[in-house]
Amino acid sequence: MQTTTAQPTAPTATSTKEALMEVIDLHKSYLSGGRPLEILKGVSLHIYRGESIALTGASGSGKSTLLSLLAGLDRVTQGQILLRGDAMQAWDEDRLARWRREEVGFVFQDFRLVKSFTALENVSLPLEILGWDGQKARQRAEELLEHLSILPRAHHFPHQLSGGEQQRVAIARAYAHRPLLIFADEPTGNLDPETSQQVLDSLLNINDEEQTTLIMVTHDMSVAQRMKRHIPLRAGRLEEDIRSAKDEGAKA
Amino acid sequence: MPLATILRWPLLFCLLIGTLSACKKQQPPPTAPQARPQDTPRPRPITKPQTVLFLGDSLTAGYQLAKTEAFPALIQESWQKAGKPWKTRNSGISGDTTAGVLSRLSWVLKPDVHTVFLAIGGNDGLRGTNLDSSRANLEKIITRCQKAGKTVVMAGIQLPTNYGPDYRKRFAEMYEQVAKAHKVVRMPFLLKDVAGIPALNLADGIHPNPKGHQIIAKNVLAFFQEKALFP
Amino acid sequence: MTAPQRPTSQDAQGITKLAWRIFWRYRGRMLFFATAIAVGVGFLIALGNLLDSINGSIARQARTLMAADISISSGQPLPPKTQTWIKDLEKKGEFHSSKMLIFPSMLAPPKQALLSPSSRPSSVSSQPSASSKPSIASKPSASSRPSTHPSSLAARAKDPKSPSFENFRTPILVNIKAVQPTYPFYGALETTPKAWRKGFFGHHACMLDRSLAEQQGLRVGDTVRLGVLALKITALIEAEPDQLTGGGFGALAPRVMIPFDIARKTGLLGFGSRVSYRTLLKTMDPQRTDLRRIADVKKTLRAQLQIPNIRVTAYTEAQPTIRDILQRVAIFFIFVSLVALLLGAIGMAASVTTFLNEQMETVGILRCMGLGPRDISALYTRLCVGIGILGGLFGLTLGIALSAAGLSLVQNLMNLQLAWSLHWVYILESFGLAILLTWGLNAATVRSLAALSPQEILSGRQSQIPLSRRALFWTGLALFVGFFLYAARAALSLWVGGFFTLTLSGMILLCLLFILLALGACAWIAQRIQSSSPLAFVLRHGLRQLVRQRARSLTYLLALTIGVTLISTLQILQQSFEAEVQITRYNKMPNLFLIDVQREQVEGIKQIIRDFGGTPPTFNPLVRARLTHINGKKIQRKALRGASLEARMRANAIRREYNLTYKRTLNESETVVSGRFWKAGSTKMEISLEQRWAQRLGLAIGDTMRFDIVGQPVEGTITSIRTINWRSFLPNFFVVMTPTALQDAPQQLITSVALHPPSKIATFQRALVRRYPNVSVIDLGRVIDLVRGVLGAFLAAMRVLAWVCLAIGLFILAGTLGMGQRERREKVALMRALGCQYRTLVAIDVVEFVTIGLITSVVVMVVSWGTGAVIAQQMQIAFQITAAQLLQILLTALLLPFGVGMLVNAQTYRAGVQENLRRSE
Ligand SMILES: Nc1ncnc2c1ncn2[C@@H]1O[C@H](COP(=O)(O)OP(=O)(O)OP(=O)(O)O)[C@@H](O)[C@H]1O
Ligand SMILES: [Mg+2]
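Rules of the game
- Residues numbered from 1 in each chain as written.
- Chains lettered and ligands numbered in written order.
- Predicted model: local features only at pLDDT ≥ 70, side-chain atom pairs only at ≥ 80, totals over all residues.
- Heavy atoms only, no water.
- Helix = DSSP H or I, 4+ residues; strand = E, 2+ residues; numbered from the N terminus.
- Areas by Shrake-Rupley, 256 points an atom, 1.4 Å probe, with all protein chains shown as cover.
- Near = heavy atom within 4 Å.
- Polar contact = N/O pair within 3.5 Å; in protein donor to acceptor, adjacent residues only side chain to side chain.
- Nonpolar A, V, L, I, M, F, W, Y, C, P; charged D, E, K, R; others polar.
- Contact = heavy atoms within 4.5 Å.
- Buried area = accessible area lost by both parts, 1.4 Å probe.
- Salt bridge = Lys/Arg side-chain N within 4 Å of Asp/Glu carboxyl O.
- Donors = N, O, S within 2.8 Å, 3.2 Å for Na, K, Ca; no water.
- Buried < 20%, exposed > 50% of the residue type's maximum accessible area, 1.4 Å probe, protein only.
- Patch = residues over 30% accessible without salt bridge, like charges linked within 9 Å, V, L, I, M, F, W, Y side chains within 5 Å.
- Expected span 1.5 Å × (residues − 1).
- Pairing = 2+ DSSP bridges.
- Axes fitted to C-alpha atoms, helices over the stretch in contact; angles between N-to-C directions.
- Parallel < 35°, antiparallel > 145°, perpendicular 65-115°, else oblique.
- Left-handed = near helix turned anticlockwise from the far one by under 90°.
- Phe/Tyr/Trp six-rings, centres within 6.5 Å; stacked < 30°, edge-to-face > 60°.
- Lys NZ or Arg CZ within 6 Å of the ring centre and 35° of its normal.
- Right-handed = clockwise from strand over helix to strand, strands pointing away.

A. Local environment of the overall build of chain C. Scanning chain C from terminus to terminus reveals 26 helices and 21 strands. Working note: accessible area of chain C is about 39,700 Å², and carbon and sulfur atoms make up 60% of it.

B. Spotlight on the site of ligand 1. In the vicinity of ligand 1, 14 residues are found, and the nearest of them are Ser59, Lys63, Ser64, Thr65 and Gln109 of chain A. Each of chains A and C places residues near ligand 1. A distance of 3.2 Å separates an oxygen atom of ligand 1 from a polar atom in the backbone of Ser61 of chain A. Protein contacts shield 68% of the accessible area of ligand 1, which totals 630 Å² for the unbound molecule. The element that contributes the greatest number of residues to the shell around ligand 1 is helix H1 (residues 63–70) of chain A, accounting for 3 residues. Residue classes in the shell around ligand 1 are distributed as 3 nonpolar, 8 polar and 3 charged.

C. Layout of the interface of chain A and chain C. With 32 residues of chain A in contact, the opposing surface of chain C contributes 32 residues. Taken over both partners, the interface formed by chain A and chain C buries close to 3,000 Å², and the fraction arising from carbon and sulfur atoms is 51%. Applying the counting criterion to the chain A and chain C interface returns 7 salt bridges. Residue Arg112 of chain A pairs with Glu826 of chain C through a salt bridge whose shortest N-O separation is 3.1 Å.

D. Geometry of the coordination of the magnesium ion (ligand 2). Residue and element names in this part refer to chain A. On the protein side, the magnesium ion (ligand 2) has Ser64 (OG) and Gln109 (OE1) as donor atoms, found 2.0 to 2.2 Å from it. Here Gln109 lies in the loop between strand S6 (104–107) and helix H3 (119–129) and Ser64 lies in helix H1, a separation of 45 residues in the sequence. For Ser64, a relative accessible area of 27% corresponds to the partly exposed category.

E. Structural view of a nonpolar patch on the surface. Residue and element names in this part refer to chain C. A grouping of Phe473, Trp474, Leu477, Phe480, Val481, Leu485 and Leu502 is seen on the molecular surface, where their side chains present a nonpolar patch of about 680 Å² in accessible area. In terms of residues, the nonpolar patch owes the most to one element, helix H13 (residues 469–491), which gives 6 residues. Mapped onto the elements of the fold, Leu485 is located in helix H13.

F. Examining the side chain of Ser91 of chain B more closely. Topologically, Ser91 of chain B is positioned in strand S2 (residues 87–92). In contact with Ser91 of chain B, other than residues within four places in its own chain, are Leu53, Phe54, Leu55, Gly56, Arg104 and Val108 of chain B together with Val710 of chain C.

G. A look at helix H10 (residues 210–226) of chain B. All names here are of chain B. For H10, spanning 17 residues, the distance from its first C-alpha to its last is 24 Å, which sits close to the expected 24 Å at 1.5 Å a residue. Taken together, the buried positions of H10 are Pro210, Gly212, His213, Ile216, Ala217, Asn219, Val220, Phe223 and Phe224. Phi turns positive one or two residues past the end of H10, at Ala228, with a value near 50°.

H. Quick peek at the sheet that holds strand S4 (residues 78–83) of chain A. All names here are of chain A. The strand order across the open sheet built from 4 strands is S2-S1-S4-S5, with neighbouring strands paired in antiparallel fashion. Strands with a single pairing partner mark the edges of an open sheet, and in this sheet they are strand S2 (35–47) and strand S5 (86–87). Pairing of strand S1 (residues 21–32) with S2, which is carried by 10 bridges, proceeds in the antiparallel orientation. Bridge pairing in S2 links Tyr30 to Leu37.

I. Representation of unusual backbone geometry. For the bond running from Tyr183 of chain C to Pro184 of chain C, omega is -10°, close enough to zero to count as cis. Within the element layout of this structure, Pro184 of chain C appears in the loop between strand S3 (172–179) and strand S4 (190–192). Cis peptide bonds are those with omega within 30 degrees of zero, and the linkage from Thr192 of chain C to Pro193 of chain C qualifies with -10°. For Pro193 of chain C, the location among the structural elements is in the loop between S4 and strand S5 (205–209). For Gln211 of chain A, which is not glycine, the phi torsion reads 55° and is therefore positive. You can see Gln211 of chain A is positioned in the loop between helix H6 (193–209) and strand S8 (213–217). The exposure class assigned to Gln211 of chain A is partly exposed, which follows from its relative accessible area of 37%. Of note, Asp193 of chain B is a non-glycine position whose phi angle comes to about 65°, a positive value.

J. Representation of the pairing of S3 of chain C in the model. All names here are of chain C. Burial of S3 is extensive: 8 of the 8 residues sit out of reach of the surface. Burial along S3 is two-sided: Ile172, Val174, Ile176 and Ala178 and Leu173, Asn175, Lys177 and Val179, pointing in opposite directions, are all buried. Of the strand pairs in this sheet, strand S2 (residues 95–108) and S3 are connected by 8 bridges, and their pairing is antiparallel. By the bridge assignment, Phe103 is partnered in S3 with Ile176. Relative to strand S8 (residues 255–259), S3 runs parallel, the two sharing 5 bridges. Counted as the bridge partner of Val179 is Pro259 from S8.

K. Spotlight on the packing of helix H4 (residues 134–147) of chain A against helix H5 (residues 163–175) of chain A. Residue and element names in this part refer to chain A. Close contact between H4 and H5 brings their axes to 10 Å; oriented N to C, the two are set at 135°. Between H4 and H5, the angle is such that the two are oblique. With respect to the hand of their crossing, H4 and H5 are arranged in right-handed fashion. On the side of H4, the interface is formed by Arg140, Leu144, Leu145 and His147, while H5 contributes Val169, Ala172 and Tyr175.

L. The environment of Gln888 of chain C, seen in detail. Looking at where Gln888 of chain C falls in the secondary structure, it is placed in helix H25 (residues 883–910). Separated by 320 residues in the primary sequence, Gln888 of chain C and Ser568 of chain C have C-alpha atoms spaced 8.9 Å apart.

M. Examining the packing of aromatic side chains more closely. Scanning all chains against the criterion turns up 22 aromatic pairs over all chains. Aromatic side chains Phe117 of chain B and Phe224 of chain B sit 5.9 Å apart centroid to centroid with 80° between the ring planes, which places their arrangement in the edge-to-face category. Here Phe117 of chain B is found in strand S3 (residues 113–119), whereas its partner Phe224 of chain B is found in helix H10, with 107 residues between them in sequence. Phe224 of chain B matches Phe117 of chain B in its accessibility class, with the two residues each being buried. Their ring planes at 70° and their centres at 5.8 Å tell us that Trp196 of chain C and Phe200 of chain C sit as a pair that is edge-to-face. Each member of the pair Trp196 of chain C and Phe200 of chain C is classed as buried. An aromatic cluster is defined as three or more aromatic residues linked by ring pairs; in this entry it consists of Phe54, Phe71, Trp79, Phe117, Phe223 and Phe224 of chain B. For Arg95 of chain A, the ring lying beneath its charged end belongs to Trp91 of chain A, and the centroid distance is 4.0 Å. Stacked on the ring of Trp107 of chain B, the Lys or Arg Lys110 of chain B has its end atom at 5.4 Å from the ring centre.

N. Geometry of the pairing of strand S7 (residues 181–185) of chain A. All names here are of chain A. With 5 of its 5 residues buried, S7 lies for the most part within the structure. Going residue by residue along S7, you find Leu181, Phe183 and Asp185 tucked away on one face and Ile182 and Ala184 tucked away on the opposite face as well. Across 4 bridges, S6 lies against S7 in parallel orientation. By the bridge assignment for S7, Gly105 is matched with Ile182. When S7 meets S8, the two strands line up parallel, connected through 5 bridges. Paired with Phe183 across the strands is Ile215, a residue of S8. With H6 bridging S7 and its parallel neighbour S8, the resulting β-α-β unit is right-handed.

Printed below as a string of structure tokens:
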């Protein structure tokens, strides 16, 4: 465990570069049994282009909730998320969808593959939605599956795949269309160390090469270590913003 | 086709038609005062007329029987066996009345007819029609037959007792008086030995069955013989 | 999904508790399953119960219509032996007996009766006042009127040769009924004044039909003559319980009742009388109706009375026609209900299967917690039985409501006194049927669910409960056999049951085949559309969505097609009926038939009709003829000596008397189906035959027929074949000839007249008969009313049924779409997460629903056309389908899934990603 300091607001005003996403005093509560249950109690955060962020925290601390709020999959209860200075809560579902289609890749904690589609079809889906030709989308999907060594399973349906295989399909689907932002909810949770490493490598690789921003929830400290930033979430608040040495070095 | 019979909706209509035909059966045609206009005497036949025309109602027609089972056919059969040249022609219509017979006279009084055997009026009586019109019709029929040169034989008909003495008497008298007035040979009762005997009638109790018709034929033949009508 | 808690023990009680918990947790869906099955069950229960009630009521009413339990009628008095036997029955305290005579006779009204109604003394006939109190016939009359002295007349009548009847008018035909004081055993004789027995029995008295009294200007207190007796009118008959009995001759003549004791004195009975002798029997204990005893007595009487023309009737067998009609109509509805039940069953089975699929995870967990396959099987079997019980309960409730509604409808329509009852058999049947279906149809699924290993389930290896082909086959077979047995029982005929079951299975298989083909085609098309256009994307995904969820698509396509097919078939049949029946035209329909009209009377009659505000009709000549030759060959009589009269009659049917007509042009109810009808001026001897009649005699165009028309041969050639719409109530004939052939033949004229309102009929009839006494008027009004009433109810019921089926269809469709809801929500959420636009999402689903609609409409059109044609042919109605109908079917089938689908999913499209994901759990 890292040492922690009580520093509620994460972003430093010193940052010169304009933030890609700006999260300001974010609250999220669910109604449970008629009473509001507050999960996020004022989260603030700046995300910059090309960053890689590890989000950690105890189970039930609200990591997945935060991630889906960031990706516009759910509505905030209070607070703001600004994308390039534009307040996202004013967007309608279609606007959000268009943004996700063009700039976002998302890996669900429980994969969430389309059950009636094969692995290949699942991966080519975001491309098709972008308006790709069916054939071309297929080719790109095949490449990705090849890369993640599950090409032999390309024509399997999700229920015919192992948990790890499903996870890899989900990852391939998330970055098939070369998004600007990738949100990944424990993308390596079901993988053996070797495959896990391989997946992480490829994710960091595109983060590096294409300046893709990567926000990843993980319980694995070694994974968190490899990210440029590491933000623990506790009791609905971001405890601190640990910039990794690597990032510090890069900045310097 | 069982389904047809089971699902067959038109059944109700059959019922309806049934009601209708029942009505028709039970309301035999009554009087019609006028005769058909064209009634000129027929030209004399080239061959000798040897046909006896039986003009009547269901009793003559053989209600519910084949025409060959009705008494006119039986009479011809018997003549044929005896080698006589005489023929019969059945012109009975079920439910017919004196008015009906009158209106079809011109159709049936063909040159080959020698004698008209008239057995009509039962339906007039059973329907309780005014007997004055029946009598008038009978007289017209007879006159026209005689004008056409035909011999007329008239069979009497009796009404069931339950029609009351008054009406029955007037009905019986009608035949007597008409016969007397027009000098017509009269057979008193067509259904002698047959009427009222269940074994000789159909289930309805009025119409003779084939056995009944055999007896009628016998009686009619005996009557012909008695009057020396058809040698 | 929350896995239910592990039961404290695995014993039966624990399982039941667990089943109950699942039942309660998913109560909404359980309600749906139960309702799906309840509709069909409810209809069946209602019909069965209704039919029972009607049959029971008819039997009860039959007593009233016979005024007795057993009636013996014959042309002669009963033999002494039988009379003694009946006396014995009476002595033993088993039966009451009453004698009755029925015969036609002539009744003479008094001369002064019609003179001038206004100048007559005494009050209105319906309200005889004390001043006009009828004096007793056998006593000297105290009446101030110059009426005949009854006793002196009776005295004079003893000498029939010199009757002095100058005070009476021409006699009229009446239908006499002589009754004993015990008459009637059942029902009531309604008269004015009400107490008719007073001054009737033991006197020279009589009662007349109100109509007769009005027609003849007779009143209570007048004296009429019957036979040799003068009888005082003591009351007017308003309604007679056993009015219809005592048919035969004079049945249509007005009724006159006299005391039994004076019947002999009238002098009308004796040799040569045609009298119907009746003995009525009534059990002494009418509350406890001992049907077997009645049947016994009847049998003994039959055995004793081996005399021809004696009829013994027990009330239990009376009114066979009404029962028969009801039975037949009911069978039609029972079949439709069976189809509704099947539809509900398919919907129920399909959605329960989906539900069980969703339960797999729970089952996996339960299995891990130590429940064995047996427990799982017991658990879900209990759940199914629970659904069945709920369905039975709903079905019963619906059945009770429906049969109560039906009862009041039938009651109004057929004027039956119906007693409401619910036999316990139907309660059992309701629950039995519902439980059997919910359990039987899901047994195979439950069994294979229980047989799955927890590993198979939890590893996600099995996305669906695998169903073996064998299990499906057996379930299908059981369903087939069950339906066959049920249908055969309802129709009381294996053949009909078989026909129904086969048609239904054929229809379903045909639907299935079409659907499979269509799905195959969709898959093929989805594969081919790979272009990058948004349209291609939408099409590809819409079709793929349909094809990939094969089981679900198959189920709801099947439910939908069968449902819509059924509705369309009903619709087509209904319209075919309506077209044939032309029910809307009833108000302008002829309600009177005039027969026995002579040609020279036509103008006069037309004038009378005009005077009464009717439109003068066309008069049709009627010529009687016997068919003697076909194609120049004499029709040979078969040798049938010794054969029964019936057999001979049948054999002679062809030689029977026929009614022919001649005409220049066809009337509106006739349609030529082959050949050509002659030109108006044809001078040839031509014949046009009715189609069915021609078929029965094996005649075709070009054949010649020779008729014997009262002794004269008339021959003609068949030049056209017609069909006739008999429901037009126009006078129609099987055989029509050219005027040339028949106009000189002996003939009478008949016609039908539309005279409205019907209240005019009586005066019209009187006016007509006064001038033309030979013309018979048959009033069709009551028959038409009955037909119209029954038809109207039948069509209304059909329409209601069609709508109910539509509602079931919609309900099941919504339910079936609902069962894919979970998956659809998840998919929508994911598509949304991947950036799919609202429009695109909707468009994909529109493609799917429209495709379903297209498949459905094509299948429905083909199959309902076929089914409709087959059934129409079986029911012998003209099958017709209009372009509007086709369009209607097309649009219904097309828009129904689309509309319902959009409605059900509207919320899903709008919801956010997380919301949908959450809801899909
Ligand atoms: N729809 C909901 N209604 C009520 N409570 C919810 C809902 N969704 C999530 N929660 C609650 O919110 C809290 C945060 O959930 P979240 O999924 O964000 O946790 P997490 O940090 O991702 O945990 P884990 O590491 O176990 O995945 C949990 O306590 C959960 O019970
Ligand atoms: Mg989580």
